Amino acid sequence: MIVIFDLDDTLYERKDFVLNGLKNVSDLIYYKNKNLNKNKIYNKLKKLYFNKNKKKIFNYFIKREKINNIKHHECINKYRYGKNKIKIYPDAIQLLNIYKKKCYLITDGNKNMQRYKIRLLKIQKYFKKILITNDYGIKNQKPSLFCFNKIKNIENCTYKEMVYVGDNPFKDFVNCNRVGINTIRLLKGDFRKVKKKFPEDAKYKIKSLKELSNLINII
């Protein structure tokens, strides 16, 4: 079997990256506006992030708080590339050591930010190839099969010989299921409580990556 992993909330806790990023932005705003309370800035940004359109919270916050010496792009850069301490799941390390250089990674998102996360996690050494979908254009983000087909061609395998492990039932599995890729959903992260039916949801579900090796052996 050719094993393919998603990144965010599959190999590490994405929320950790988000909270670190928001902390970096609050530090930036406080540095230029010492009259504000840094903890209050951070708490307000967290509330906005988890309750509003995530793509617009910095603009919204800057306008609402009437902050004139910070630009939106400064906040974005600090959020994406500031100091961060994300760590790979412990059971993911054990698993990747089993499949080292025999597995693949496919991830969506801003390509520079995803590369930064991969460097922070120090996981490049585990994969035969890492594919960031945005390197090939937004149209080739999941649920597109573009990157899956690249792996299929590299390995000269069939879809039924491929296993994909992800977490997001809104995009990760539907097209993979339709062509016969073995799909496994890790019940972690933002979507862990979301209920979907096949083919939107994965064929198999696991609560921990510790379950994956045994499952792959019986697929």
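Before reading further, recall that the structure is shown in the block above.
Residues numbered from 1 in each chain as written. Predicted model: local features only at pLDDT ≥ 70, side-chain atom pairs only at ≥ 80, totals over all residues. Heavy atoms only, no water.

1. Observations regarding a positive patch on the surface
For clarity, the threshold we go by: Nonpolar side chains (Val, Leu, Ile, Met, Phe, Trp, Tyr) within 5 Å and like charges within 9 Å form the patches, drawn only from residues with over 30% relative accessible area and no salt bridge. Accessible areas in this description were obtained via Shrake-Rupley with a 1.4 Å probe; residue shielding takes into account the shown protein chains only. In the sections that follow, a salt bridge refers to a side-chain nitrogen of Lys or Arg positioned within 4 Å of a carboxyl oxygen of Asp or Glu. The charge count includes Lys and Arg as positive and Asp and Glu as negative, but it does not include His or the ends of the chains. All charge positions are set by atom: Lys at NZ, Arg at CZ, Asp at CG, Glu at CD. Only DSSP runs of H or I reaching four residues or more are called helices, and only runs of E reaching two or more are called strands; each is numbered from the N terminus. The buried label goes to any residue with under 20% of its type's maximum accessible area, the exposed label to any with over 50%, and the partly exposed label to all in between, with areas taken from a 1.4 Å probe on protein chains only.
The grouping of Lys78, Lys83, Lys85 and Lys87 at the surface amounts to a positive patch. Looking at where Lys85 falls in the secondary structure, it is placed in the loop between α4 (72–81) and α5 (90–98). By relative accessible area, Lys85 is classed as exposed at 70%.

2. Overview of the side chain of Asp91
Rules: Whenever a nitrogen or oxygen atom comes within 3.5 Å of another N or O atom, the pair is scored as a polar contact, on the condition that within protein one atom can donate a hydrogen and the other can accept it, and that pairs from neighbouring residues in sequence are kept only if both atoms are in side chains. Note on definitions: a residue-residue contact is assigned when non-hydrogen atoms from the two residues lie within 4.5 Å.
Tracing the backbone shows Asp91 in helix α5. No salt bridge is formed by the buried Asp91. Its closest oppositely charged neighbour is Lys188, at 4.1 Å. Within polar-contact distance, the side chain of Asp91 engages the backbone nitrogen of Leu209 at 3.3 Å. Setting aside anything within four residues of it in sequence, one finds Asp91 in contact with Lys188, Ser208, Leu209 and Lys210.

3. Considering the packing of aromatic side chains
Our working definition: When two rings of Phe, Tyr or Trp (its six-membered ring) have centres within 6.5 Å they constitute a pair, described as stacked for plane angles under 30 degrees, edge-to-face for angles over 60, and tilted for the intermediate range. A ring is scored as having a charge over it whenever the NZ atom of a lysine or the CZ atom of an arginine sits within 6 Å of its centre and within 35 degrees of its normal.
Enumeration over the complete set of coordinates arrives at 9 aromatic pairs. The interplanar angle of 65 degrees and the centroid separation of 5.7 Å between the aromatic rings of Phe170 and Phe191 together place this pair among those described as edge-to-face. Taken together, the positions of Phe170 in the loop between β4 (162–166) and α8 (174–179) and Phe191 in the loop between β5 (182–186) and β6 (204–206) put the pair 21 residues apart, joining distant regions of the chain. Here Phe191 falls in the partly exposed class, since its relative accessible area comes to 23%. Taken together, the ring pairs connect Phe17, Phe58 and Tyr79 into an aromatic cluster. Positioned over the ring face of Phe50 is Lys15, at 5.7 Å from the centre of the ring. The residue whose ring lies beneath Lys188 is Tyr89, and the NZ or CZ to ring-centre distance is 4.0 Å.

4. Observations concerning the pattern of salt bridges
Applying the stated rule across the entire model yields 14 salt bridges. The salt bridge partner of Arg64 is Glu65, with a shortest N-O separation of 3.1 Å. According to the relative accessible area criterion, Arg64 is partly exposed, its value standing at 39%. Measuring nitrogen to oxygen at the nearest pair gives 3.7 Å for the salt bridge that ties Lys142 to Asp172. Note that Lys142 is positioned in the loop between β3 (127–132) and α7 (146–155) and Asp172 in the loop between β4 and α8, a separation of 30 residues in sequence. Using a relative accessible area of 6% as the deciding quantity, one classes Lys142 as buried. Relative accessible area serves as the criterion here: at 2%, Asp172 is assigned to the buried category. Shared partners join several salt bridges into a network, and the residues in it are Asp6, Lys142 and Asp172.

5. A short note on the sheet that holds β3
The test is simple: Should DSSP find at least two bridges between two strands, the strands are taken to pair. Axes here mean lines fitted to C-alpha atoms, for a helix over just the part in contact, with angles spanning 0 to 180 degrees between N-to-C directions.
Spatial ordering of the open sheet is given by β3-β2-β1-β4-β5-β6, a layout of 6 strands whose pairing is parallel. Every interior strand has two partners, whereas the edge strands, β3 and β6, have only one. For this sheet the average axis-to-axis angle between neighbouring strands, irrespective of direction, equals 20 degrees. Here strand β2 (residues 103–107) pairs with β3 via 5 bridges, running parallel. Bridged to Leu105 within β3 is Ile130. Strand contacts of helix α6 (residues 111–121): β2 and β3, with the helix running at about 150 degrees to β3, the strand carrying the most contacts.

6. Quick look at the pairing of β5
Put simply, the test is: The definition of a right-handed crossover adopted here requires that, viewed with the strands pointing away, the path from the first strand over the helix to the second runs clockwise.
Across the 5 residues of β5, 5 count as buried, placing the element largely inside the fold. The alternating pattern of β5 places Asn182, Ile184 and Leu186 and Thr183 and Arg185 on opposite faces, both of which are buried. With 4 bridges connecting them, β4 and β5 associate as parallel partners. Counted as the bridge partner of Tyr164 is Thr183 from β5. What joins β4 to β5 is α8, and the crossover it makes is right-handed. As paired elements, β5 and β6 share 3 bridges and run parallel to each other. Opposite Ile184, over in β6, you have Tyr204 as the bridge partner.

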